[in-house]
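Listed below are the residues making up each chain.
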Amino acid sequence: MLTCNNITKSYGIDLILNNVSFKVDKNDRIGIVGKNGSGKSTLFKIITNNLYFDSGEINISKDTSIGYLSQDLNLNEDIRIYDELLSVFQICIDLEGEIYKYQELMSQNIDLNNTMDKYSKLVEEFETLGGYEYQSRIRGIANGLGFSEEELDKKIGELSGGQKTRVALGKLLLSKPQLFLLDEPTNYLDVTAIQWLENYLQSYDGGLMIISHDRYFLDAVVNKIFEIENHKLNEYNGNYSNYVMRKKENLDIQMHHYELQQKEIQRQEEIIDRFRQFNREKSIRKAESREKMLDKMERIEKPIVFQKKARIRFEPQIKSGKTVLEVMNLKKSFSENTLFENIDFTIFRGEKVGIVGANGTGKTTLLNIIAGNLSQDQGEIVLGHNVNVEMYHQEHQGLNPNNSILSEVWASKPAANEGEIRNFLGAFMFTGEDVFKSVGSLSGGETSRISLAKLMLSKSNFLLMDEPTNHLDMETKDILEEALIHYTGTVLLISHDRYFLNRVVDKLLVLENNGIFMYNGNYDYYQKKVNDAKLLEELENQGSSMTKTQMNNIKKLENSQKQKLKTLKKEISTLETKVNELEDQIKEFELLMCKEDFYDDYDKANSITEEYNTTKEVLDVTLEEWTEKQLELELFNNS
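The following paragraphs examine the structure supplied in this document. Bear in mind the structure is a predicted one, so any value in this text is a computation, not a measurement.

## Some details on the packing of aromatic side chains
Move 1: Using the criterion set out here, one finds 14 aromatic pairs in the structure.
Move 2: Measuring from ring centre to ring centre gives 5.6 Å for Y216 and Y523, while their planes differ by 85 degrees; the resulting arrangement is edge-to-face. With a gap of 307 residues between them, Y216 in helix α8 (residues 215-221) and Y523 in helix α17 (residues 523-542) connect regions that are remote in the sequence. Each member of the pair, Y216 as well as Y523, is classed as buried.
Move 3: Joined through ring pairs, the aromatic side chains of F180, W196, Y200 and Y204 make up one cluster.
Move 4: Positioned above the aromatic ring of F147, the side-chain terminus of R166 is 4.5 Å from the ring centre.
Move 5: It is K332 that lies over the ring of F334; its NZ or CZ is 5.1 Å from the centre.

## Quick look at the sheet that holds strand β3 (residues 29-33)
Move 1: Taken in spatial order, the 6 strands line up as β5-β6-β7-β3-β8-β9 in an open sheet, and their pairing is mixed. Pairing within the sheet leaves two strands with one partner each, and these edge strands are β5 (66-69) and β9 (232-237). Sheet twist, expressed as the average angle between the axes of neighbouring strands with direction ignored, equals 15 degrees.
Move 2: Strand direction decides the pairing type here: β3 and strand β8 (residues 224-229), joined by 4 bridges, are parallel. Along β8, the bridge assignment pairs I30 with K224.
Move 3: Most of the contacts of helix α6 (residues 161-175) go to β5, to which it runs at about 175 degrees, and overall it touches β5 and β6 (179-183).

## Things to note about the sheet that holds strand β2 (residues 14-24)
Move 1: The strand order β2-β1-β4 describes an open sheet built from 3 strands, whose pairing is antiparallel. At either end of the open sheet lies a strand with only one pairing partner, and these are β2 and β4 (55-60). Adjacent strand axes in the sheet meet at a mean angle of 20 degrees when their direction is disregarded.
Move 2: Where strand β1 (residues 2-11) meets β4, 5 bridges bridge the pair, whose relative direction is antiparallel. Bridge assignment links T8 to a residue of β4, and that residue is S55.

## A short note on the environment of N279
Move 1: With respect to the secondary-structure elements, N279 resides in the loop between α9 (240-278) and α10 (281-296).
Move 2: According to the relative accessible area criterion, N279 is exposed, its value standing at 60%.
Move 3: Spatially, the C-alpha atoms of N279 and D597 are 19 Å apart, while their sequence positions differ by 318 residues.

## Things to note about the side chain of S333
Move 1: Position of S333 relative to the elements: it lies in strand β10 (residues 323-334).
Move 2: Here the side chain of S333 touches T338 through a polar contact of 3.4 Å, side chain to side chain.
Move 3: Setting aside residues up to four positions removed in sequence, S333 forms contacts with T338, L339 and D377.

## Focus: the environment of S335
Move 1: If you trace the backbone, S335 turns up in the loop between β10 and β11 (337-348).
Move 2: Taking the C-alpha atoms as reference, S335 lies 37 Å from L484; in sequence the two are 149 residues apart.

## Some points on the pattern of salt bridges
Move 1: Tallied over the full model, the rule gives 26 salt bridges.
Move 2: A salt bridge links K121 to D117; its shortest N-O distance comes to 3.6 Å. Of the two residues, K121 and D117 both sit in helix α4 (residues 112-128), 4 residues apart, roughly one turn of that helix.
Move 3: Judged by relative accessible area, K121 falls into the exposed class, the value being 54%.

## Focus on the packing of α9 against α10
Move 1: Here α9 crosses α10 at 155 degrees, and the two axes come no closer than 8 Å. In terms of axis orientation, α9 runs roughly antiparallel to α10. In this structure, α9 meets α10 at a crossing whose hand is left-handed. The segment α9 lies against α10, with I265, Q268, E269, I271, I272, F275, R276 and F278 engaging S283, I284, K286, A287, E288, R290, E291, M293 and L294.
Move 2: When grouped by side-chain class, the residues that make up the contact of α9 with α10 number 9 nonpolar, 2 polar and 6 charged.

## Notes on the pairing of β9
Move 1: By the bridge criterion, 6 bridges tie β8 to β9 in an arrangement that is antiparallel. When the sheet's bridge partners are listed, F226 is paired in β9 with E235.
Move 2: Linkage of β8 to β9, two consecutive antiparallel strands, is achieved through a turn of 2 residues, within which N230 is found at a positive phi near 55 degrees.

## Some remarks on unusual backbone geometry
With the exception of glycine, the majority of residues adopt a negative phi angle, and the majority of peptide bonds are in the trans configuration.
Move 1: Not every positive phi belongs to a glycine, and N329 is a case in point at roughly 50 degrees.
Move 2: By the secondary structure assignment, N329 is in strand β10.

## Side note on the nonpolar core
Move 1: With 93 residues, the main nonpolar core has L201, I210, M465 and L484 as its most contacted residues.
Move 2: Mapped onto the domain boundaries, this core takes at least three residues apiece from domain 1 (2-239) and domain 3 (323-531).
Move 3: Those residues in contact with I210 that sit more than four places away from it in its chain are I30, G31, I32, F44, L182, P185, L201, F217, L218, V221 and V222.
Move 4: Membership of the second largest hydrophobic core comes to 24 residues, among which are V353, I370, L492 and I494.

Cut-offs used in this document
Residues numbered from 1 in each chain as written. Predicted model: local features only at pLDDT ≥ 70, side-chain atom pairs only at ≥ 80, totals over all residues. Heavy atoms only, no water. Phe/Tyr/Trp six-rings, centres within 6.5 Å; stacked < 30°, edge-to-face > 60°. Helix = DSSP H or I, 4+ residues; strand = E, 2+ residues; numbered from the N terminus. Buried < 20%, exposed > 50% of the residue type's maximum accessible area, 1.4 Å probe, protein only. Lys NZ or Arg CZ within 6 Å of the ring centre and 35° of its normal. Pairing = 2+ DSSP bridges. Axes fitted to C-alpha atoms, helices over the stretch in contact; angles between N-to-C directions. Contact = heavy atoms within 4.5 Å. Polar contact = N/O pair within 3.5 Å; in protein donor to acceptor, adjacent residues only side chain to side chain. Salt bridge = Lys/Arg side-chain N within 4 Å of Asp/Glu carboxyl O. Parallel < 35°, antiparallel > 145°, perpendicular 65-115°, else oblique. Left-handed = near helix turned anticlockwise from the far one by under 90°. Nonpolar A, V, L, I, M, F, W, Y, C, P; charged D, E, K, R; others polar. Core = buried A, V, L, I, M, F, W, Y, C linked by side-chain atoms within 4.5 Å. Domains from an automatic or database assignment.

Put into C-alpha cells, the structure is as follows:
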C-alpha cells in the first residue's frame, strides 16, 4: 500500500527525520510513538503531501486511498453536524437525484429501453457505494462517537474543540479509506467512545497508522510499533506492551555486547603496551600482530542510552486516620438538570481509587465538591482525622505565569535549598537553564509537569487528581505512575487513561446516571466483571434451551483450556532452564577470554570466540521464545 524510502526532513538546521524507511501492507495496524517533537506528525504530513521533504521517495499503490485525521480540522462552521457527516456521501446523494429523475422518465415511457438501461446502471452504482445504508451508517458512527440524535442538529460553530474533533473523526470513518492515518484519535473521547473506536478499528478491513499517547488503546488495536527516536525509525512487532519489553531487552543485549567488546579492546591494548615496553624484536612483532587483529575487529557502536528513568518518591508528612473520606447521600444539580444523586462511598488510608464514567456524569463536579470548591445540594462529605487535601486541576489553577519554574516549585517547599529543588525538578525533565523559564511560556505538557511537581511537594496526605496524564508524554506518565504506586498516602483520581488506571488504582468508582458503583480492582478487573455479567445474562436468557450436548461441549472446552494452560506453563519453565544454562556457558566463555594467554593459540581462540558468539545468538532466540510464551500466557489469563 505504502512504501517510504530514505525520507529526510529538516527545519532549517534542525534535523527531524533522517533516512527513514518503512512499508505498510493492507493488514498492518501500526502505532507510532516517540517523544513530543520527534517528528510523528511531520511524517504524516509528508505522507499526505501536506509538507515537503528534503530527500527520499514515497510510493503509494494505485487506487490506495488515504484518510488523514490531523490535529488541524477543516469543517464548515455554518452547517449542522448531520450535514457535515452527510457531505461524505455527496456522490450517493447526486446518484439518488439521478435515479429519481430516471424513475420519472420511465413513468412517462420516454425512450424506455435506453432509460431503463441507464437506470439499472445508476442503481447498481448506488448500491455498490452503499447508497441504501449511508444514513444508518451516519447515525451508527455518530452514536458510537458520543453524539445523541438531538445533538446532530447542532451547528459546527457551536461545538467545543473536542466535539469538532469527533465530527472530523466521524467523517473520516464514514469515508472508509484503504489506509487510515490517525493523529491522536482518542483525544476528547470518553471511555465508552474509545472502546467503540477500538472495536471498529479492530474489525476494519484496511491499514492503520496511529499516533497516540493512549497506551491501552495501542495495546488493543495495533500489531506493530514504529518508534521515532534520534531522527530514526525503529520497527517492533506486537502491541505497545510488547514494544516496551522488546526495547528494553534489545538495549540490554546491545549494551552487554558493547561492554564486553570494550573490555576486550582495553585488555588487548594493555597487552600491546606491555609488549612494546619489552622493546625486543619478538615482542614488537607480537604487538603489531595484535594491533592488526584489533584493526580488523568489527566495532560495536555504543547504544543510545538516555538518562535513567527518574524515580520520584514522595511521602505524606502527616499520617491520616484509617477512614479518609465518607460520602453520604450526595446530590448535585445545575438548574433543573440533576447531575447525580444518592452517591455513597467510603475511602480508607492508602487506597488509590479511580473514578470513571461517561462525559457529563459529574466526575469533575464530584471531585470539586470533595475538595470544597463547590457545594452540594444535599448529603454529607466527611473527611477523616488528620486528612490534608490537595487537588490537581486539569486547568492548572494556582500557577503564577510570571514566576520562573524554579521559584514556582520552590514556593511549595521553602525550607528546601536550591540544590534540592533543582534535583527534584530534574526528575520532571527540567534541567540546567530550563528552570529559569517563566511558567507562562511553557507548553501544556510542561505546565502539567509543574503542577504535578508542586502537588508532590505539598503537605497533603489525600491527593485529588483530575486527568493527571493529560498532555504528558509516555516517559513522564511512567514516572508519575511509579511515584503514585509507591505513595503511602491516599489518592482519588479521574482518568480516561485505562493503562494508567490499570497500573495505579486498586479500586474503581463507576459514575453512572443511576448512581455510583464500586469495583475492588483495577480497570481490567472492572471490565472482566462487566463482561462476566453480560455473559451470565445471555446464558440465563438461553436458560433451558441449552441441551445436554451443549453442556458437554462447554465442559470439553474448559478441560481443553486447562490442558493448554498446563502445557504453556511447562514450556515456559523449560525455556527458563535453558536460558539459565546458556547464561552459565556464556560466563564460562567470558572467563576464558579474559585470560592473558587467550590469544596465544590463535586457532583455539578463534574456535572459542565462534562458540561464544553462537551461544549468545541461541540465548537471544531463546529469550525471544520465552517472551512470546509469556505474552501468550498473559493473553490466556486475561481472556
